[in-house]
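Coordinates in review
Letter by letter, the chains look like this.
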Amino acid sequence: MKKTIKDYDLGGKKVIIRCDFNVPVQNGIIKDESRIKASLKTIRYALKNNAKIILMSHLGRIKTEEDKQKYTLKPIAESLSKHLRKKIIFIDETHGPKLEKAIKNMKEKDIILIENTRFEDLNGKKESNNDKNLGQYWASLGDIFINDAFGTIHRSHASNLGIASNIPSGLGFLVESEIKKLTKLTKNPKKPYTIILGGSKVSDKIGVINNLITQADYILIGGGMAFTFLKAAGFGIGSSLCEKEKIPFCKEMLDKYSDKIILPIDVITATEIKENVQTNERFLGEIAEEEIGLDIGPKTVEVFKQYLDDCKTIFWNGPLGYFEIKAFSNGTKKIFDIIVQTKAYTVVGGGDTARAAVTFNYQDKVSHVSTGGGAALAYLEEKELPALSIINEK
Ligand code: AMP
């Protein structure tokens, strides 16, 4: 068993909490605060136990100097301050004398938020490549490291693996809870167990398909990734998304698991991806060359329903259509409607699927919405998760 924040005496200690504040921000406005809210339990616990709290997180990808303005953590500091009703000391740098001085002057219950850890990526990708010196430097700023960033638990970064390699470590409540909830899907899930996969790419889901196909009774496939499977099955897919190099994998899966993999039988198409575009309902074999398949059709929803109604466990990753545009959101919405009516243990994982759950207001009606996309898939694939493995055992 891994140590958690509860296994440490936090009083007067400098506690570094690696959070996942990777939230959608547009022009300085946070579009979805779910991940910030999910981090509050751990922060409040550290406050109650008189820690000196140092918060770290990444946000977006930093490739140029201009990205820094777009992805500063300043709006996160304001949001945290509002939720915790407390001043957050925001330090607009990731290393240096200003940060060190602020930490030196901390009193119990003070909270410092350090600027976006990925600012260090401009400097030879030090954060994302887990630069040894950077991990050591950040670790030197604290006494205890708590990893509460589930979204990056499958990554080897300086701000998770790097710090945890140097000082005593434990898990935060969010990571602990995510693992508990996802474990129900890997350790003897209640049957029937159906997995729904969507999103744009087959390549992101190969591991999870390979690993879960033996445990699950059915895998329902929609979204952009369904078209590579449909092409592999011999259907014309017009101008829909297709990963040509993945066709052999899809063929192999369809041959081996014809009774488990369920593909769409009809789709909604259009010639352009935009609002108010003319749409068509097409059965397989009817898709014209210039048409793009952008949602599952109503008959597919009926078919998928049959595989979901009596399920005891459901895991869903990836929207079933281009749900950001209303005309292609129906399939995703209808499947939410169906799964919330079942008695199954329902877990929705992945950034986009979680976003769809929030957009259509289903987030409180499923058993669990995971805060991690790639992380949840990696956990279900039973891959080694470096930033979890490194955490001290009890
Ligand atoms: P992913 O990041 O691979 O999970 O993909 C999520 C994205 O896939 C969402 O932004 C959806 O809009 C998009 N998507 C879903 N269905 C389709 C489709 N049929 N064609 C193109 N994109 C799609």
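Thresholds, definitions, all that
- Residue indices begin from 1 for each chain and proceed along its sequence in written order.
- Totals for whole chains, interfaces and linings use all residues, but because this is a predicted model, local features are given only for residues with pLDDT of at least 70 and pairs of side-chain atoms are given and counted only at 80 or more.
- Side-chain figures throughout are based on the complete set of non-hydrogen atoms in the structure, without hydrogens or water.
- Here a strand is any run of E in DSSP of at least two residues, a helix any run of H or I of at least four, and the numbering for each starts at the N terminus.
- Radius of gyration: over C-alpha atoms. The globule rule applied is 2.2 Å multiplied by the number of residues raised to the 0.38 power.
- Only protein chains enter the accessibility calculation, which uses a 1.4 Å probe; a residue whose area is less than 20% of its type maximum is buried, one above 50% is exposed, and one in between is partly exposed.
- In what follows, residue pairs with any heavy atoms lying within 4.5 Å of each other are defined as contacts.
- For accessible areas, the Shrake-Rupley method is used with a probe of radius 1.4 Å. Any residue's cover is judged against the shown protein chains and nothing else.
- Nonpolar cores were defined as sets of buried Ala, Val, Leu, Ile, Met, Phe, Trp, Tyr and Cys residues, with membership established by side-chain atoms within 4.5 Å.
- All the domain ranges listed were derived from an automatic or database domain assignment.
- Here a residue counts as near a molecule or strand whenever at least one of its heavy atoms sits within 4 Å of it.
- Definition of a polar contact: a pair of N or O atoms within 3.5 Å, with one able to donate and the other able to accept a hydrogen when the atoms are protein atoms, and with sequence-neighbouring residues admitted only if both atoms are side-chain atoms.
- For this analysis, a ring pair means two rings from Phe, Tyr or Trp (six-membered ring only for Trp) whose centres lie within 6.5 Å, classed as stacked if their planes differ by under 30 degrees, edge-to-face if by over 60, and tilted for the remaining angles.
- The reported arc concerns the directions from the helix axis to the C-beta atoms and nothing else.
- What counts as buried area is the accessible surface, traced by a 1.4 Å probe, that two parts surrender upon association, with contributions from both included.
- Just to be clear on terms, a salt bridge is a Lys or Arg side-chain nitrogen sitting within 4 Å of an Asp or Glu carboxyl oxygen.
- Think of it as three bins: nonpolar holds Ala, Val, Leu, Ile, Met, Phe, Trp, Tyr, Cys and Pro, charged holds Asp, Glu, Lys and Arg, and polar takes everything else, Gly as well.

1. Describing the overall build of the protein
- The secondary structure content of the protein amounts to 15 helices and 17 strands.
- Radius of gyration (C-alpha) of the protein: 22 Å, near the 21 Å computed for a compact globule of 394 residues.
- Burial status across the protein gives 56% buried among its 394 residues.
- Long-range pairs, those at least 24 residues apart, make up 74% of the contacts in the protein between residues at least 6 apart in sequence.
- A total accessible area of about 17,600 Å² is found for the protein, and carbon and sulfur atoms account for 46% of it.

2. Here's the deal with the nonpolar core
- Ranked by size, the top nonpolar core spans 68 residues in total, and within it Ile209, Phe229 and Ile261 carry the most contacts.
- Looking at this core, the element that brings in the most residues is helix α14 (residues 374-380), giving six residues.
- In this structure, this core is formed jointly by two domains, domain 1 (5-174) and domain 2 (181-380), each of which donates at least three residues.
- Not counting residues up to four positions away in its chain, the partners in contact with Ile261 are Ile213, Ile219, Ile221, Phe229, Met253 and Leu254.

3. Points about the site of the ligand
- Near the ligand, the surroundings consist of 16 residues, among which Ser200, Gly293, Gly321, Glu324 and Asp352 are the closest.
- Within the contact set of the ligand, an oxygen atom lies 3.0 Å away from a side-chain nitrogen or oxygen of Ser200.
- Here the ligand, which alone exposes 510 Å², has 84% of that area covered by the protein.

4. What about the packing of aromatic side chains?
- For the coordinates displayed, the defined rule picks out five aromatic pairs.
- Pairing Trp316 with Phe336 gives two aromatic rings, centres 4.5 Å apart and planes at 45°, and the pair type is tilted. Residue Trp316 is located in strand β15 (residues 313-317), and its partner Phe336 is located in helix α12 (residues 330-341); the two are separated by 20 residues in the primary sequence.
- Taking the relative accessible area as the measure of exposure, Trp316 reaches 0% and is therefore buried.
- Seen from their ring centres, Phe336 and Tyr362 are 4.8 Å apart, and the 5° between their planes marks the pair as stacked. Here the residue Phe336 occupies a position in helix α12, and Tyr362 occupies one in the loop between α13 (351-359) and β17 (368-369), the gap between them amounting to 26 residues.

5. What about helix α11 (residues 298-308)?
- For α11, every residue scored as buried is listed here: Thr300, Val301, Phe304 and Leu308. Across the axial projection of α11, the buried residues extend over an arc of 100°, all falling on one side.

6. Quick notes on the domain arrangement of the protein
- Domain boundaries in the protein define domain 1 (5-174) and domain 2 (181-380).
- One C-alpha centre belongs to domain 1, the other to domain 2, and the line joining them spans 34 Å.
- Taken together, the contact between domain 1 and domain 2 spans 10 residues of the former and nine residues of the latter.
- Both sides of the domain 1 and domain 2 interface together cover about 670 Å² of buried area, and 70% of this is carbon and sulfur.
- Its largest share of buried area at the contact with domain 2, domain 1 owes to Arg35, Phe150 and His154, together 65% of the area lost on that side.
- In this assembly, domain 1 and domain 2 are joined by zero salt bridges.
- Counting every contact that joins domain 1 to domain 2 gives one residue pair in polar contact (both at pLDDT 80 or more).
- Among the elements that take part in the side of domain 1 that touches domain 2, helix α1 (residues 34-48) stands out by supplying three residues, more than any other.
- Grouping the amino acids of the side of domain 1 that touches domain 2 by side-chain chemistry returns four nonpolar, three polar and three charged.

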